[in-house]
Each structure stands twice: as structure tokens, then as C-alpha cells.
Amino acid sequence: MRTRRWERGQLFRRRDTRLLLKIVGVGIVAFLLGYALMSLIFFNDTGEPTIATVPDLRRQPQATAERELERASLEMEVRTSLVHPDVPKGAVLAQSPLPGQEVAPGSIVEVILSAGRDRREVPRVQRLSQAQATRALASSGFDVTITEVQDTVPAGQVISVSPAAGTLLELPAIVSLTVSTGPPLASVPMVVGLPQAEARTVLEDAGFKLGEVRYESSWRGRSGIVIAQEPRSGELTPLGSAIEITVSEDRFIRRPRGG
């Protein structure tokens, strides 16, 4: 009985061994077949890969992106360029196919490059009113700062622009306007009692100019003397203003009208 049991056990062990060897053999064959299949998929006859993974080119300078694609056996095609406030000029803004996708070696990766920030030309706004100049600059995308100064230019008019008109600026950018608050005020000098020629000199030395000259017949004193002025002496008047005067004349003498 023992002999039969022993023989039966030996038979089972031999069967188990043969089964294990078959399983191992099948596994090895499956591995070799899988390896061969993957080799066929991923490598050609020359041993080079037949699938390439698209690298991430975004925000890389164009030259760097081209080298990345060359290492991956891919090529670049630039489609266009677009302005962008953050991505530097010449860097890759977008790409197709997207990073990580698998394509055939030699495939073309299309890219859009950044043109950098938007550039605008400063418009000509000198001599416009402050409101007109501000609207023109804002419509071009500029921020505006205002500095007010006294000047002979009429109040509210733009005297100067910085940067100058025609300058190309990257947005966002600030354009500064210098706006006139009008000429400074000064006291009108007294010219009543002075000869007309002397009155002109006094007014011009004080920063004013001689305006309209009227003549009026007078029985008193000699002719050619200023007998009235407008504005009157002592009044605060913008420098450069014209001061009108009335000059006496002999009632029997006719003088040509004018300065």
C-alpha cells in the first residue's frame, strides 16, 4: 500500500513540474512576443523610434523651441504672431499638437509666437483742450496724467505732451499732458495823462499790449494825451491782454483812427 501511495505521489509531482514548466514557457514566449510587438510599434528597421512625444514649447523662445523639436525628431511651422501683455516677444504663445501628444517622427508642430505687448503711437494733441486730448489718448489705450501751469496759452489748452507725439509706446503706458491755467494776472499800469507813444511803452514794459485807440475832442489841455483807459489802472488782468485807451485831440483837427 505504501509503495502504491509513493508511486502515486511521484506521478503527481512529475505532473505539477511539467505544468509549471509549461506555464513558465508560455510566459517567456508571451514576453518575447510582446517585446517583438513593441519593437515593431516603436522602432523601425533602423532602430529609430516610430512615435515621437510632442514637447511643451509654451513660453520658450523660438530658437529654444526649435532645438526641442529637433531633439524629438519634429519640425516647427510658425503660423502667426499675436500681441500679449505677459509673454515676451518671440516666445511661443500656443502650439498644436498639444504637449504630451504622440505623433509620427518628422511631423510638423504649428506654433503661434508672441508679438509682445501692444504698441501704440502717441497722437498729436497739442493745442487741443484738456478734455479733447484726454479722450484722444484714452481711445488709443493710454493712461493720462495732467500738470497745470500758468502760460500765455488760453486756459484749459494743452501746452506740451510727454512722450512726444508720434512716439511708439508699449501698453500699458502713461502720457503726461501739461495744460495751461491761463496767463498770470498783473496790475494794469496807469497811463492816463501820458502821451500816446509813452503809454504804449509803459503797457508793453508791464507785459500788456496797446489795444484799440479812440480819439475824443477836448477843450482841455493839449491833444495826444491819454484821457481814459480800459481796464482801469490797478485792475488784475491776464498778462498779454490788450488795453484800450482814449486819446484827446483838438476839436478842429481830424486824426486818422487806429494805433
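The structure we're discussing is the one just above.
All residue numbers refer to positions counted from 1 along the written sequence of the respective chain. Owing to the predicted nature of the model, reporting of local features is limited to residues with pLDDT of at least 70; listing and counting of side-chain atom pairs is limited to 80 or more, with chain, interface and lining totals taken over all residues. The basis for the side-chain values is all heavy atoms of the structure; hydrogens and waters are excluded.

Caption draft 1: Molecular detail of the nonpolar core. The biggest cluster of nonpolar side chains holds 14 residues, and the ones touching the most others in it are Val191, Leu203, Phe208, Val213, Val226, Ile245 and Val247. Note on conventions: DSSP H or I runs of at least 4 residues are helices, E runs of at least 2 residues are strands, and numbering of each starts at the N terminus. The set of elements that each furnish at least two residues to this core consists of helix H4 (196–205), strand S12 (209–217) and strand S15 (242–249). By definition, residues are in contact when any of their heavy atoms lie within 4.5 Å. Dropping the residues within four chain positions of it, Phe208 is found in contact with Ala186, Ser187, Val188, Pro189, Leu203, Thr237, Pro238, Leu239, Gly240, Ser241 and Ile243. Within the second largest apolar cluster, 13 residues are counted, among which are Phe142, Val158, Leu171 and Ala173. We define the nonpolar core as a collection of buried residues of types Ala, Val, Leu, Ile, Met, Phe, Trp, Tyr and Cys that are connected through side-chain atoms lying within 4.5 Å of one another. Type-normalised accessible area, obtained with a 1.4 Å probe on protein chains alone, sets the label of each residue: buried when under 20%, exposed when over 50%, and partly exposed for intermediate values.

Caption draft 2: Just the pattern of salt bridges, in detail. Here, a salt bridge means any Lys or Arg side-chain nitrogen found within 4 Å of an Asp or Glu carboxyl oxygen. As enumerated under the stated definition, the model contains eight salt bridges in all. Linking Arg214 and Glu244 is a salt bridge whose minimum nitrogen-to-oxygen distance equals 3.2 Å. Here Glu244 lies in strand S15 and Arg214 lies in strand S12, a separation of 30 residues in the sequence. For Glu244, a relative accessible area of 28% gives the class partly exposed. Among the salt bridges present, the one from Arg232 reaches Glu235, with a minimum N-O distance of 3.6 Å. Taking relative accessible area as the criterion, Arg232 reaches 56% and is therefore assigned exposed. With a relative accessible area of 30%, Glu235 lands in the partly exposed category.

Caption draft 3: Geometry of the sheet that holds strand S3 (residues 92–96). Strand order in the open sheet formed by three strands is S2-S5-S3, with mixed pairing between adjacent strands. Here the strands that pair on one side only, and so sit at the sheet edges, are strand S2 (75–82) and S3. Neighbouring strand axes in the sheet, compared pairwise and without regard to direction, differ in orientation by 25° on average. At least two bridges found by DSSP between two strands is the condition for calling them paired. In the sheet, S2 pairs with strand S5 (residues 108–114) via seven bridges, with the strands oriented parallel. Paired with Thr80 across the bridge in S5 is Ile112. For helices, the fitted axis covers only the stretch in contact; all axes are lines through C-alpha atoms, and the angles between them, taken along N-to-C directions, range from 0 to 180 degrees. Its contacts with the sheet put helix H2 (residues 62–71) on S2, S3 and S5, and the angle it makes with S2 is roughly 150°.

Note that all results are geometric; they support no functional claim without further evidence.
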